[in-house]
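# Architecture and fold: a report
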Amino acid sequence: MKPVQVVTLWWVLLLVSRLGAARKGSPEEASFYYGTFPLGFSWGVGSSAFQTEGAWDQDGKGPSIWDAFTHSGKGKVLGDETADVACDGYYKVQEDIILLRELRVSHYRFSLSWPRLLPTGVRADKVNKRGIKFYSDFIDALLKSNITPIVTLHHWDLPQLLQVKYGGWQNGSMVNYFGDYADLCFEAFGDRVKHWITFSDPRTMAEKGFETGHHAPGLQLHGTGLYRAAHHIIKAHAQAWHSYNSTWRAKQRGLVGISLNCDWGEPVDVSSPKDIEAAERYLQFCLGWFANPIYAGDYPQVMKERIGKKSVEQGLDMSRLPVFSLQEKSYIKGTSDFLGLGHFTTRYITERNYPSRQGPSYQNDRDLVELVDPNWPDLGSKWLYSVPWGFRRLLHFAQTQYGNPPIYVTENGASQKLHCTQLCDEWRIQYLKGYINEMLKAIKDGANIKGYTSWSLLDKFEWEKGYSDRYGFYYVEFNNRNKPRYPKASVQYYQKIITANGFPNPREVESWYLKALETCSINNQMLAAEPLLSHMQMVTEIVVPTVCTLCVLISAVLLMLLLRSQS
């Protein structure tokens, strides 16, 4: 996209003119810290229903907004791919639980499909008992393997009928429909599920769904739609928390939180007050947008001031940022038993004033530019660079900003590097090592981090990017109808971190890396043989039955001839 190219060129000029002096105090990754995590620290991996399950119209499931979005055939997804089959996870539950056991994780974070449980999205219409049974059996299978389920209620796949009939998250009625759905889930699964996440990365859901249109439902309601959707999502989260708190908590004794994703924003010039303010603004428009109402009762002051001021300049009677009533502020504040935090990368931030006459937009409201350092390790995706020190800083920000809440890292991972050996993902190993170690330092700093979820268990459908980006520990051969899974080198490395509960000493940690790469070369040979195995399977499935049929026919003809000759 052109804006990214402009920013990159500008960044090159900034490097020459400003970076040398400005970054003298820049955060360099400090020496590696060897040590272990607290006793009982929870290690896991994650996924989401739409990205992995497939079976999009099976066993009573209704359509989601993402089914409609991918089926539109308008080039909205790279290669016009769909998630109709995805990883075929709906039919591979036992196989994937074996992979989880192989990884030695203590928890698995996954999401429930709202339209699989409520085909129309409305509980009063119909509850799909086969959907209830599927997730109930899955939860039982996890617990039988001593794997704790961490369950997300909504990971972007809103029932399509709620979008068509009511306009989805643009309509305040979603608050009650989500509340009914959440109550159903608490009732059906809460006796076994003790960790609930209401929404996964609602900022991206709002921004890409209602501002850029890159995600379902594909609307471009610039500078208004995303704020309206977020407003309803925050209220829906609060209602679900209160319902659990008043009805279910005493009996089920579980926890309810939300998962918020945010990159770290570092000032380009740490001696510039404007850049420092811009970096703070970046974090408030990203993390504070949802976290501040939940922990402090209202939107960040900087959001209210900026959006309000620009709204007036654009001739509007009221701010484009909706307002919580006093009663709503009180109702929303404190509605989280833990903070789920997703993080992938870092940006340098510098101030840039966008004139209000350019029109309403999320980008213009923030008045800043995001930059990347060309020296940061490039992992292949255009947006994802490995910057481990930013993770520690974000964790510290959340710790101090929101009163040191219990934190579960709910998403952190690296996608497939382009033009690489498919299973020898040494860059992912380096990413894991760096980011997990910075998390360990954050705990040493005093952050109350309870668990870590690496993203993700499998390669899967990656929204508008189709199957081009691969985040999985396990490589999925999507061209094979059986969707076989193959372990990447990072599987063995993550196993070692989990078993050791951290990084015991330099010699042992280095040996993990070498052994993981040795193993992946063997797995690569298996993957290379896959086309031959698939061909042999096809031969077995087609040729063998055909030959058997011919043998039966020939035997019948010979028997007839024999009987005739005897008569």
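To keep things clear, this report deals only with the structure shown in the data block. A quick note: this is a predicted structure, and the numbers were derived from the prediction, not measured. (Residues numbered from 1 in each chain as written. Predicted model: local features only at pLDDT ≥ 70, side-chain atom pairs only at ≥ 80, totals over all residues. Heavy atoms only, no water.)

## Things to note about the sheet that holds strand S10 (residues 368-371)
Rules: Only strands that DSSP links by at least two bridges are regarded as paired with each other. Helix and strand assignments follow DSSP, with helices taken as H or I runs no shorter than four residues and strands as E runs no shorter than two, numbered in order from the N terminus. All axes here are fitted lines through C-alpha atoms, helices being fitted over the stretch that makes contact, and every angle between N-to-C directions spans 0 to 180 degrees.
If you walk across this open sheet you meet the 3 strands as S7-S9-S10, and the pairing is mixed. Two strands bound the open sheet, and with one partner strand each, they are strand S7 (264-267) and S10. Mean inter-strand twist for the sheet, computed between neighbouring axes without regard to direction, equals 40 degrees. Sheet topology note: the S7/strand S9 (residues 346-351) ladder contains 4 bridges and is parallel. Bridge pairing links Trp-264 to Thr-346 in S9.

## Quick look at the side chain of Arg-109
Operational definition: For the exposure calls, accessible area comes from a 1.4 Å probe over protein chains only, and a residue counts as buried if that area is under 20% of its type's maximum, exposed if over 50%, partly exposed in between. Polar contact is the term for a pair of N or O atoms within 3.5 Å; when the atoms are in protein, one must be able to donate a hydrogen and the other to accept it, and sequence-neighboring residues count only if both atoms are side-chain atoms.
Tracing the backbone through its elements, the reader meets Arg-109 in strand S3 (residues 107-111). Residue Arg-109 is classed as buried on the basis of its relative accessible area of 0%. Within the structure, the side chain of Arg-109 is placed 2.7 Å from the side chain of Ser-200, a separation counted as a polar contact.

## A few points about the packing of helix H6 (residues 129-144) against helix H8 (residues 174-189)
Short version of the rule: Note on terminology: angles under 35 degrees are roughly parallel, angles over 145 are roughly antiparallel, angles of 65 to 115 are roughly perpendicular, and the others are oblique. Throughout, a crossing is termed right-handed when the near helix is turned clockwise from the far one, and left-handed when it is turned anticlockwise from it by less than a right angle. The contact criterion used is simple: two residues touch if any of their non-hydrogen atoms lie within 4.5 Å. Each residue gets one label: Ala, Val, Leu, Ile, Met, Phe, Trp, Tyr, Cys and Pro are nonpolar, Asp, Glu, Lys and Arg are charged, and the others, such as Gly, are polar.
Two elements in contact, H6 and H8, have axes whose closest approach is 11 Å; the angle formed by their N-to-C orientations is 50 degrees. Comparing the axis directions of H6 and H8 gives the class oblique. When the axes of H6 and H8 are compared, the crossing they make is right-handed. For the pair H6 and H8, contact is made by Ile-132, Tyr-135, Ser-136 and Ile-139 and by Leu-184, Ala-188 and Phe-189, respectively. Residue composition of the contact of H6 with H8, by class: 6 nonpolar, 1 polar and no charged.

## A short note on unusual backbone geometry
The step from Ala-216 to Pro-217 runs through a cis peptide bond, and the omega angle for that step is 5 degrees. Residue Trp-455 is joined to Ser-456 through a cis peptide bond whose omega torsion reads 15 degrees. For Ser-456, the location among the structural elements is in the loop between strand S12 (449-455) and strand S13 (474-476). The backbone of Asp-80 sits at a positive phi, close to 55 degrees, despite the residue not being glycine. Assignment of secondary structure puts Asp-80 in the loop between helix H3 (65-71) and helix H4 (93-103). Positive phi values are uncommon outside glycine, yet Asn-146 reaches one of about 60 degrees. Topologically, Asn-146 is positioned in the loop between H6 and strand S4 (148-154).

## Side note on the state of the cysteines
Condition: Cysteine sulfur pairs qualify as disulfides if the two atoms are within 2.5 Å.
Evaluated as defined, the whole model comprises 1 disulfide. One disulfide in the model links Cys-262 with Cys-286; its S-S distance is 2.3 Å. Of this pair, Cys-262 sits in the loop between strand S6 (255-261) and S7 while Cys-286 sits in helix H11 (residues 273-296); the two residues are 24 residues apart in sequence, bridging distant segments of the chain. What makes Cys-262 buried here is its relative accessible area of 2%.

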